[in-house]
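# Report on the structure
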Amino acid sequence: MSMKPIVAIDGPAAAGKGTLARRLAATLHLPYLDTGLLYRAVGRRVLETGGDPSDAVSAESAARALEPADLDRNDLRGPQADAAAASVASITGVRAALLDFQRDFAVRDGAVLDGRDIGTVIFPNAPAKLFVTASLAERARRRWLELRAKGMEADIATVEADMRQRDAKDAARAAAPLKAAADACLLDTSEMDAEAAFQAALAFIRTRIDLI
Ligand code: DC
């Protein structure tokens with residue numbers, strides 16, 4: 001097949017995209033990019049300069065200045081980073097500034113990328129697209145377990161409320177709202193463990209990409 005093997009994985013927060021994408025990339029010997037980190041790093045850059053992440057001018061200039069090393073920062077997780085990322089992600093100029101970074105990443109060897117608009121905007125011609133989702137209650141439970149495992153005290157109802165709010169923001173924004181591409185395989189992981197999700201995703205990808 002002449003087309004680079006690009007696997008696009010989209011879906012809401014805590015649906016299991018990251019775990020799945022990382023394992024698929026390792027199995028398929030493809031580079032992996034967690035595109036949420038780009039928005040998180042832009043949000044952090046704005047906060048660092050005392051700016052407001054919902055201000056288009058500050059956010060766009062932070063997106064233009066983004067460097068690959070920013071993705072290795074250790075302050076890209078947590079409620080403040082979540083909120084800043086969701087704000088910058090709704091700004092059209094930020095999304096435009098990050099477009100080439102994502103396309104360039106996959107240009108040479110192909111890639112597995114996870115995010116919200118990989119199959120709809122970044123790589124609309126990707127041969128394999130998955131839309132990974134799970135119920136809000138299940139996603140909140142997973143995020144809560146993750147926080148607890150990191151030793152962070154969290155109230156599950158608050159985690160669910162924050163997630164509901166962030167989902168609404170991602171789906172309602174005018175710029176690249178979260179939605180499944182028409183040709184994406186829908187994978188609801190509410191009742192699946194990571195292994196079952198991986199096997200289902202791999203079986204689908206094999207129908208779309210010639211794997212050796
Ligand atoms: O997947 P995540 O939680 O790390 O994403 C952080 C924020 O960035 C979230 O509000 C969704 C947004 N995002 C986006 O708009 N487009 C992407 N491709 C990836 C993330």
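The structure presented is a predicted model; accordingly, all values stated were derived computationally and were not measured. (Residues numbered from 1 in each chain as written. Predicted model: local features only at pLDDT ≥ 70, side-chain atom pairs only at ≥ 80, totals over all residues. Heavy atoms only, no water.)

## Let's talk about the site of the ligand
Using the following cut-off: Put simply, a residue is near a molecule or strand once any heavy atom of it comes within 4 Å of that molecule or strand. Under the rule applied, a polar contact is a pair of N or O atoms within 3.5 Å (in protein, one hydrogen donor and one hydrogen acceptor; residues adjacent in sequence only if both atoms are side-chain atoms). The Shrake-Rupley method, run with a 1.4 Å probe sphere, supplies the accessible areas, and residue values consider only the shown protein chains as cover. In this text, helices come from DSSP runs of H or I with a minimum length of four residues, and strands from runs of E with a minimum of two, each type numbered from the N-terminal end.
Around the ligand, the surrounding shell holds 15 residues, and the nearest of these are T35, R40, R95, R116 and R173. Separating an oxygen atom of the ligand from a side-chain N or O atom of R95 is a distance of 2.8 Å. Here R116 contributes a side-chain N or O atom positioned 2.8 Å from an oxygen atom of the ligand. In the complex, 96% of the free accessible area of the ligand, which totals 440 Å², lies under the protein chains. Going through the elements one at a time, α2 (36-48), α4 (79-89) and α8 (156-172) are the ones with two or more residues in the shell around the ligand.

## Quick look at the pairing of strand β3 (residues 111-115)
Inclusion rule: Note on classification: 1.4 Å probe, protein chains only; a residue is buried when its accessible area is under 20% of the maximum for its type, exposed when over 50%, partly exposed between these limits. Any two strands between which DSSP finds at least two bridges are classified as paired.
Of all 5 residues in β3, 5 are buried, a share of seventy percent or more. Side chains A111, L113 and G115 project from β3 onto one buried face, and the interleaved V112 and D114 project onto a second face that is buried too. As judged from the 3 bridges shared by strand β2 (residues 32-34) and β3, these two strands associate in the parallel manner. Following the sheet pairing, Y32 is matched in β3 by V112.

## Examining the pattern of salt bridges
To keep things clear, this is the line we draw: When a carboxyl oxygen of Asp or Glu is within 4 Å of a side-chain nitrogen of Lys or Arg, the pair counts as a salt bridge.
Applying the stated rule across the entire model yields 18 salt bridges. D75 is paired through a salt bridge with R44; the nearest N and O atoms lie 3.5 Å apart. Taken together, the residues D75 in the loop between α3 (56-64) and α4 and R44 in helix α2 connect sequence positions 31 residues apart.

## Observations concerning the nonpolar core
We count it as follows: For the purposes of this section, nonpolar cores are sets of buried Ala, Val, Leu, Ile, Met, Phe, Trp, Tyr and Cys residues that join through side-chain atoms within 4.5 Å. Every residue pair with non-hydrogen atoms within 4.5 Å of one another is taken to be in contact.
In this structure, Y39, V42, V94, L98, L113 and F123 are the most contacted members of the largest nonpolar core, which totals 28 residues. Looking at this core, the elements with two or more residues in it are β1 (6-10), α2, α3, α4, α5 (92-107), β3 and α6 (118-122). Broken down by element, this core gets its largest block of residues, 6 residues, from α2. Residues contacting V94, with those up to four places away along its chain left out, are Y39, V42, A59, E60, A63 and V88.

## Here's the deal with the packing of α2 against α4
How two helices pack is summed up by the angle between their axes together with the distance between the axes. The condition that has to hold: An axis is simply a line fitted to the C-alpha atoms; with a helix, the fit covers only the stretch in contact. Between two such axes, the angle follows the N-to-C directions and lies from 0 to 180 degrees. By the definition adopted for this analysis, an angle is roughly parallel if under 35 degrees, roughly antiparallel if over 145, roughly perpendicular if from 65 to 115, and oblique otherwise. All amino acids are sorted into three groups, where Ala, Val, Leu, Ile, Met, Phe, Trp, Tyr, Cys and Pro are nonpolar, Asp, Glu, Lys and Arg are charged, and the leftover types, Gly among them, are polar.
The N-to-C vectors of α2 and α4 enclose an angle of 100°; their axes lie 8 Å apart at closest approach. With respect to their mutual orientation, α2 and α4 come out roughly perpendicular. Contacts between α2 and α4 involve Y39, R40, V42, G43, R44 and L47 from the former and Q80, A81, D82, A84, A85, V88 and A89 from the latter. When the residues that make up the contact of α2 with α4 are grouped by side-chain class, the tally is 8 nonpolar, 2 polar and 3 charged.

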